[in-house]
Amino acid sequence: MPIDFSGTWVLEKNDNFEDYMKILNIDLVTRKIAIHLSQTKVIIQDGDKLTINTLSTFRNYEMSLTIGEEFDEYTKGLDNRMLKRSIEVEKCSFYLWVGARATSQSSVLIEQTLVSWQGDTLVCTQKGEKANRGWKHWIEGDKLHLELYCEDVVCHQVFRRKQ
Ligand code: VL7
């Protein structure tokens, strides 16, 4: 039985958030606003269905997913990247004797965002133009932890449960 992350959680520690935003190419003005924001996570976990809402007075970010299933992620309002399947298209055209052109196309699914369990830790891999991107959620005592990472940068956030 995996642990339940459901609840409302308020940010109380945000280590290295500035560097994490920098590595995602967030502009200076946005970073200046974002660094002072109080963030609240509203998590609903129901079986293998998970909704994580990250709320602030500036922007919100919602993701709904099924644990263990890959999906297309668009980090709208954050760094606005498509972390979605990159499709390698092999196209081949050939001309029929009548002069009409026929095209055959085959696609290979390479990578998408995936959230899965590693013991009691929720691990997300976000494949896209940035290397080594993802996050991990776990609970220690009454605190929710989140590690956001990208390339060689790690941001560590700690949330307390809101009554
Ligand atoms: C989401 C932000 C910096 C842009 C605005 C800051 C608004 C509130 O992906 C995240 O959480 C996962 C795991 O809980 C679930 O989606 C982190 C916040 C990271 C990255 C980008 C700064 C502009 C913050 C939405």
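Small disclaimer: the values here were computed from a predicted structure and weren't measured.

Moving on, we get to the UniProt feature "domain: Cytosolic fatty-acid binding proteins" (unreviewed entry) in the chain. Per the UniProt entry, the sites bearing "domain: Cytosolic fatty-acid binding proteins" (unreviewed entry) are residues 7-24 in this numbering. Annotation note: span residues 7-24, helix share 39%, strand share 50%, distance between end C-alpha atoms 28 Å.

Assignment of secondary structure puts Thr40 in strand β2 (residues 40-46). Its relative accessible area of 17% is what places Thr40 among the buried residues.

Here we take up the state of the cysteines. In this structure the tally under the stated criterion is zero disulfides. Of all cysteine sulfurs, the one in Cys150 lies closest to Cys124, which takes part in no disulfide; the gap is 12 Å. Cys124 gets classed as buried once you look at its relative accessible area, which sits at 0%. Cysteine Cys155 shares no disulfide, and the gap to the nearest cysteine sulfur, in Cys150, comes to 11 Å.

The strand order across the open sheet formed by nine strands is β4-β3-β2-β1-β13-β12-β11-β10-β9, and the pairing between neighbours is antiparallel. Each edge of the open sheet carries a strand with a single partner, namely β4 (61-66) and β9 (114-118). Within the sheet, the average angular offset between the axes of one strand and its neighbour, ignoring direction, is 25°.

Calculation rules
Residues numbered from 1 in each chain as written. Predicted model: local features only at pLDDT ≥ 70, side-chain atom pairs only at ≥ 80, totals over all residues. Heavy atoms only, no water. UniProt positions renumbered as here; feature names shortened; annotations may be inferred. Helix = DSSP H or I, 4+ residues; strand = E, 2+ residues; numbered from the N terminus. Buried < 20%, exposed > 50% of the residue type's maximum accessible area, 1.4 Å probe, protein only. Disulfide = S-S within 2.5 Å. Pairing = 2+ DSSP bridges. Axes fitted to C-alpha atoms, helices over the stretch in contact; angles between N-to-C directions.

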